Amino acid sequence: MYEQEEHRLIRSTVREFAEQEIKPVAKELDDREEFSYDLTKKMGEIGLFGIVVTPEYGGQGMDYFSYIIAVEELARIDGSQAATIAAHNSLGIGPLYYHGTEEQKQRYIPPLCTGDGLWAFGLTEPEAGSDSRGSKTSARLENGNWIINGSKIFITNGATDITLGTTVQAVTGEVDGKKEFSTIIVNRDTPGYTSRAMKEKMMWRASNTAELYFDDCTVPEDHLLGDRGDGSHIMLETLDDGRLSIAAMGLGLAQGAYEMALEYSKQRRQFGKPISKFQVIAFKLADMAMKVELGRNLLYKACWLKQNKQPFAKESAMAKLYCSEIAKEVADEAVQVHGGYGLMKEYDIERFYRDQRLLQIGEGTSEIQRLVISRYILSE
Amino acid sequence: MNIFVCVSHVPDTTTKVQVGEDGKSIDPSGVTWILNPYDEYAVEAALQLKEAREGEVTVVCFGPDAVKETIRKGLAMGADKGLHIKSDQPRDSFGTAKALAETLKDREADVIFCGRQSIDYDGWQMAGLLGEMLDLPSVTVASKLEIKEDGSIEAEREIEGGMETVVSKLPAVISAQKGLNDPRYPKLQGIMQAKRKPIEDVEPSPYKNRVEVLEMSKPPVKSAGKIVGEGPDAVKELVKLLHEEAKVI
Ligand SMILES: Cc1cc2nc3c(=O)[nH]c(=O)nc-3n(C[C@H](O)[C@H](O)[C@H](O)COP(=O)(O)OP(=O)(O)OC[C@H]3O[C@@H](n4cnc5c(N)ncnc54)[C@H](O)[C@@H]3O)c2cc1C
């Protein structure tokens with residue numbers, strides 16, 4: 001219903017790429033907790049960087065729905081690679097592209113569309129997760145420079161060798177007794193700025209997650225992104241957008257887990273027949289298929305609203321919540337269908353079972369999504 | 001250089017094909033269609049030739065409107081133009097080759113690539129038929145190919161139990177074998193550009209099939225294996241069954 005010819009072509013292209021290039025190495029990268037520069041480069045080459053950015057700035061010029069399909073197809077094979085692409089496009093490029101001045105866009109966006117450079121978005125802090133207004137990282141203007149102090153945590157793509165910088169949300173003052181937030185562009189080589197990869201993650205082990213430190217980190221005044229005091233607004237808008245890509249990861253993961261369960265249930269024989277012949281197993285598969293279908297419909301509708309410039313924040317939160325929760329349910333049942341083998345690393349479903357867990361936490365926990373949805377419906 | 005690639009629009013290799021209600025065609029419902037895998041090598045060969053020599057690559061496909069999607073895939077990989085020979089009537093290999101040949105004969109092709117076989121009906125005939133109809137040399141099942149500046153061709157072909165090296169000269173028809181190259185993925189930007197590339201429609205002259213399909217059926221379902229016993233004692237029984245039931249020894 002929502003798909004056009006080019007969307008089918010994107011789906012088949014990314015699917016083929018994911019199956020042939022990512023699938024064979026996903027397990028090993030997960031085992032070694034290794035970010036793959038090789039895969040990142042290849043993903044850049046086929047055009048997964050700057051998917052919705054116009055060619056004028058080096059992007060691919062595709063619609064939002066194309067982007068969602070690409071993330072979904074990556075997540076069907078591997079959550080980590082999907083995370084690299086989703087975070088880079090939605091959180092890295094997004095704010096620069098939608099809020100940058102012409103000069104900032106010309107300067108920052110093209111190198112981020114090739115696969116040679118990544119960009120991160122630093123919002124979360126050790127003491128400010130769901131409550132992002134609780135963040136403390138500050139920036140003060142002095143002699144035409146912003147001087148930033150503080151730290152960020154859990155920042156995707158924040159500390160790879162090819163990370164070119166980060167957009168940081170910082171407190172830039174107080175207005176009417178309330179914190180004033182602004183977003184500031186920080187290049188990787190700025191003095192006073194350091195980043196460190198976080199290790200020992202349970203999930204997305206081949207995706208880079210970082211801690212960022214700002215110690216009198218000094219950048220020129222024109223590194224302000226958007227207007228001073230626009231930080232909260234930019235952050236909220238970025239998250240509405242980012243939620244759709246997390247939803248796409250949930251949908252793709254659920255689809256992949258469902259396919260694994262379906263395949264395995266037809267091959268595994270017990271009591272003289274394939275286990276898919278037992279009604280209990282067949283009904284599990286039916287529920288999985290239905291959930292995936294529902295998730296897809298909800299997500300595509302939210303994308304349709306966004307693409308047609310209609311309000312989509314409520315639907316975006318619903319899609320994020322639903323797709324991440326069915327990812328959990330489907331992966332869980334898929335492990336059940338695999339029996340003991342589902343608990344072994346030899347089977348991809350084991351990785352899927354771990355990877356799904358982030359989806360109910362990142363970019364707004366399930367609780368926060370319910371908060372967002374309930375606020376909308378109660379004020380409607 | 002004027003390069004053509006004849007491509008075929010076939011059911012995805014992972015699709016479980018069903019026989020249609022008439023008992024002699026594929027049931028198209030629920031089938032996803034793809035660019036014939038062997039034709040991907042042909043498109044790649046064409047693109048590499050264009051990149052080395054300059055020129056233009058045209059993707060040609062015979063069939064109903066739905067084949068435009070497959071032409072578009074070739075364009076997304078990097079071909080310049082499409083040529084759609086429109087027909088809702090399925091044709092036998094000879095009829096398809098005839099439509100392709102009459103469309104291509106006045107277009108001054110330097111090379112016409114195709115895949116070694118189309119994985120739907122497995123005719124394996126196109127390169128041979130096109131060569132004959134257009135009076136061009138036909139180099140089939142090429143797994144290695146070199147086209148030199150002077151237009152001479154050197155190709156390696158897989159033959160039963162070995163390899164064969166052949167030489168020929170452009171213009172020619174060349175069919176691609178797996179291993180000829182590593183087909184590229186379309187780039188996302190290529191997919192967008194493909195939307196704006198021209199696809200010319202042509203009508204083929206009428207044709208009556210020379211070969212008629214009477215029936216299509218699925219292969220018989222394999223029956224479950226049989227365990228005749230264990231250890232040396234079972235050998236006698238196994239030999240007996242292989243001799244009397246399976247009749248293989
Ligand atoms: C792998 C990974 C990648 C990430 N990438 C990024 C990134 O690129 N950029 C970035 O800025 N951040 C990123 N994050 C951070 C992520 O967005 C936060 O982890 C998330 O917002 C939750 O914050 P928290 O972890 O501090 O949990 P907390 O906010 O401390 O939440 C703890 C629990 O309390 C609940 N809770 C909190 N407040 C309420 C409330 N009002 N009502 C009910 N329940 C509540 C939560 O739902 C949760 O269950 C990433 C996180 C991870 C793990």
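Residues numbered from 1 in each chain as written. Chains lettered and ligands numbered in written order. Predicted model: local features only at pLDDT ≥ 70, side-chain atom pairs only at ≥ 80, totals over all residues. Heavy atoms only, no water.

## Remarks on the overall build of chain A
- Per the secondary structure count, chain A includes 10 helices and 10 strands.
- Relative to a compact globule of 380 residues, whose C-alpha radius of gyration would be 21 Å, chain A shows 21 Å and is just as compact.
- Here the analysis covers contacts within chain A between residues at least 6 apart in sequence; of these, 75% occur between residues at least 24 apart.
- Of the roughly 16000 Å² of accessible surface on chain A, 52% is carried by carbon and sulfur atoms.
- The centroid of the 44 positive side-chain charges in chain A is displaced by 6 Å from the centroid of its 57 negative side-chain charges. (Helix = DSSP H or I, 4+ residues; strand = E, 2+ residues; numbered from the N terminus. Rg over C-alpha atoms; globule rule 2.2 N^0.38 Å. Contact = heavy atoms within 4.5 Å. Areas by Shrake-Rupley, 256 points an atom, 1.4 Å probe, with all protein chains shown as cover. Lys, Arg positive; Asp, Glu negative; His and termini not counted. Charge placed at Lys NZ, Arg CZ, Asp CG, Glu CD.)

## Quick notes on the nonpolar core
- Core analysis: the biggest nonpolar cluster contains 111 residues, and Ile22, Leu48, Ile68, Met249 and Leu299 of chain A together with Phe113 of chain B have the highest contact counts within it.
- The greatest single-element share of this core, amounting to 13 residues, is contributed by helix H6 (residues 231-267) of chain A.
- Once residues lying within four places of it in the same chain are set aside, the contact partners of Phe113 of chain B are Ile3, Phe4, Val5, Cys6, Ala42, Ala45, Ala46, Leu49, Leu145, Ile147 and Ile174 of chain B.
- Among the nonpolar cores identified, the runner-up in size contains 22 residues, and Ala101, Ile112, Leu129 and Val202 of chain B belong to it. (Core = buried A, V, L, I, M, F, W, Y, C linked by side-chain atoms within 4.5 Å. Buried < 20%, exposed > 50% of the residue type's maximum accessible area, 1.4 Å probe, protein only.)

## What about empty space enclosed by the protein?
Residues and elements named next belong to chain A.
- In the structure shown here, the tally under the stated rule is 3 cavities of 30 Å³ or more.
- What the largest cavity holds in volume is close to 100 Å³.
- The greatest single-element share of the lining of the largest cavity, amounting to 6 residues, is contributed by helix H4 (residues 79-99).
- Its residues assigned to classes, the lining of the largest cavity comprises 8 nonpolar, 3 polar and 1 charged. (1 Å grid on protein atoms, 1.4 Å probe; cavity = no way out; pocket = protein on both sides within 12 Å on 5 of 7 lines; lining within 4 Å. Points joined across faces, edges and corners; volume = space filled by probe spheres on them. Nonpolar A, V, L, I, M, F, W, Y, C, P; charged D, E, K, R; others polar.)

## Points about the interface of chain A and chain B
- Contacts between the two partners involve 21 residues from chain A, matched on the other side by 14 residues from chain B.
- Interface area for chain A against chain B, summed over the two sides, is near 1600 Å², with a carbon-plus-sulfur share of 59%.
- For Arg72 of chain B, the salt bridge is made with Glu5 of chain A, and the minimal N-O distance between the two is 2.9 Å.
- Viewed at the interface, chain B and chain A are joined by 8 residue pairs in polar contact (both at pLDDT 80 or more).
- With 11 residues, helix H1 (residues 5-32) of chain A is the single largest residue contributor to the side of chain A that touches chain B. (Buried area = accessible area lost by both parts, 1.4 Å probe. Salt bridge = Lys/Arg side-chain N within 4 Å of Asp/Glu carboxyl O. Polar contact = N/O pair within 3.5 Å; in protein donor to acceptor, adjacent residues only side chain to side chain.)

## Quick look at the site of the ligand
All names here are of chain A.
- As a structural note, the neighbourhood of the ligand is formed by 19 residues, with Thr124, Ser130, Phe154, Thr365 and Glu367 the closest of them.
- Leu123 places a main-chain nitrogen or oxygen 3.0 Å from an oxygen atom of the ligand.
- Between the ligand and Glu363, the relevant distance is 3.3 Å, taken from an oxygen atom to a main-chain nitrogen or oxygen of the residue.
- Relative to its free-state accessible area of 980 Å², the ligand is covered by the protein chains to the extent of 65%.
- Listed by contribution, the elements that provide at least two residues to the shell around the ligand are strand E3 (145-156) and helix H10 (366-379).
- It is E3 that contributes the most residues to the shell around the ligand, 3 residues altogether.
- Among the residues making up the shell around the ligand, the classes are represented as 10 nonpolar, 7 polar and 2 charged.
- Each of domain 2 (118-229) and domain 3 (233-379) gives at least three residues to the shell around the ligand. (Near = heavy atom within 4 Å. Domains from an automatic or database assignment.)

## Quick notes on the side chain of Glu40 of chain B
- One can find Glu40 of chain B in helix H1 (residues 37-53).
- On the accessibility criterion, Glu40 of chain B (13% relative accessible area) is buried.
- In this view, Glu40 of chain B contacts Glu16 of chain A together with Leu35, Lys73, Met77 and Pro183 of chain B; residues no more than four positions away in its chain are not counted.

## Concerning the pattern of salt bridges
- One pass over the structure, following the stated rule, counts 50 salt bridges over all chains.
- Residue Asp38 of chain A is joined to Lys42 of chain A by a salt bridge in which the shortest nitrogen-to-oxygen separation is 3.5 Å. Here the residue Asp38 of chain A and the residue Lys42 of chain A both occupy positions in helix H2 (residues 37-45), the gap between them amounting to 4 residues, near one helical turn.
- The exposure class assigned to Lys42 of chain A is partly exposed, which follows from its relative accessible area of 27%.
- Put simply, Glu44 of chain B and Arg184 of chain B hold a salt bridge, and the shortest N to O gap is 2.8 Å. One end of the pair, Glu44 of chain B, is in helix H1; the other, Arg184 of chain B, is in the loop between strand E10 (172-176) and helix H5 (188-196), with 140 residues separating them in the sequence.
- With a relative accessible area of 4%, Glu44 of chain B lands in the buried category.
- The network of salt bridges with shared partners includes Glu3, Arg11, Arg15, Glu72, Glu73 and Arg296 of chain A.

## Side note on the pairing of strand E9 (residues 162-169) of chain B
- Relative to E9 of chain B, strand E8 (residues 152-159) of chain B runs antiparallel, the two sharing 8 bridges. Bridge pairing in E9 of chain B places Glu154 of chain B opposite Val167 of chain B. (Pairing = 2+ DSSP bridges.)

## What about the domain arrangement of chain A?
Residue and element names in this part refer to chain A.
- Along its sequence, chain A is carved into domain 1 (5-113), domain 2 (118-229) and domain 3 (233-379).
- Each of domain 1 and domain 3 has a C-alpha centre, and these two points are 20 Å apart.
- Contacts between the two partners involve 28 residues from domain 1, matched on the other side by 30 residues from domain 3.
- When domain 1 packs against domain 3, close to 2300 Å² is buried across both sides, 59% of that on carbon and sulfur atoms.
- Broken down residue by residue, the surface that domain 1 buries against domain 3 is led by Tyr64, Glu72 and Arg76, which jointly contribute 26%.
- The interface formed by domain 1 and domain 3 includes 4 salt bridges.

## Some points on helix H9 (residues 348-359) of chain A
Residue and element names in this part refer to chain A.
- With 12 residues, H9 ought to run about 16 Å at 1.5 Å a step, and its terminal C-alpha atoms sit 18 Å apart, in line with that.
- Across the 12 residues that make up H9, a large majority, 9, are buried.
- Taken together, the buried positions of H9 are occupied by Ile349, Glu350, Arg351, Phe352, Arg354, Asp355, Gln356, Leu358 and Leu359.
- Turning to H9, the residues buried within the fold contact H1, helix H3 (64-75), H4, H6 and helix H8 (313-338). (Expected span 1.5 Å × (residues − 1).)

## Some remarks on the packing of H8 of chain A against H9 of chain A
Residue and element names in this part refer to chain A.
- The interhelical angle for the contact between H8 and H9, taken along N-to-C directions, is 155°, at an axis separation of 9 Å. One way to sum up the angle between H8 and H9 is to call them roughly antiparallel. Of the two elements, H8 crosses H9, and the hand of that crossing is left-handed. Here Lys320, Ser324, Ala327, Lys328, Ala331, Asp332, Ala334, Val335 and His338 of H8 come into contact with H9, specifically with Ile349, Phe352, Tyr353, Gln356, Arg357 and Leu359.
- Considered class by class, the residues forming the contact of H8 with H9 number 8 nonpolar, 3 polar and 4 charged. (Axes fitted to C-alpha atoms, helices over the stretch in contact; angles between N-to-C directions. Parallel < 35°, antiparallel > 145°, perpendicular 65-115°, else oblique. Left-handed = near helix turned anticlockwise from the far one by under 90°.)

## Some details on the side chain of Asn157 of chain A
- With respect to the helices and strands, the residue Asn157 of chain A is situated in the loop between E3 and strand E4 (163-175).
- Residues in contact with Asn157 of chain A, not counting those within four places in the same chain, are Phe35, Thr84, Ala87, His88, Leu118, Trp119, Ala120, Thr163 and Asn208 of chain A.

## Brief notes about H8 of chain A
- For H8 of chain A, spanning 26 residues, the distance from its first C-alpha to its last is 37 Å, which sits close to the expected 38 Å at 1.5 Å a residue.
- Of the residues flanking the end of H8 of chain A, it is Gly339 of chain A, one or two places downstream, whose phi is positive at about 60°.

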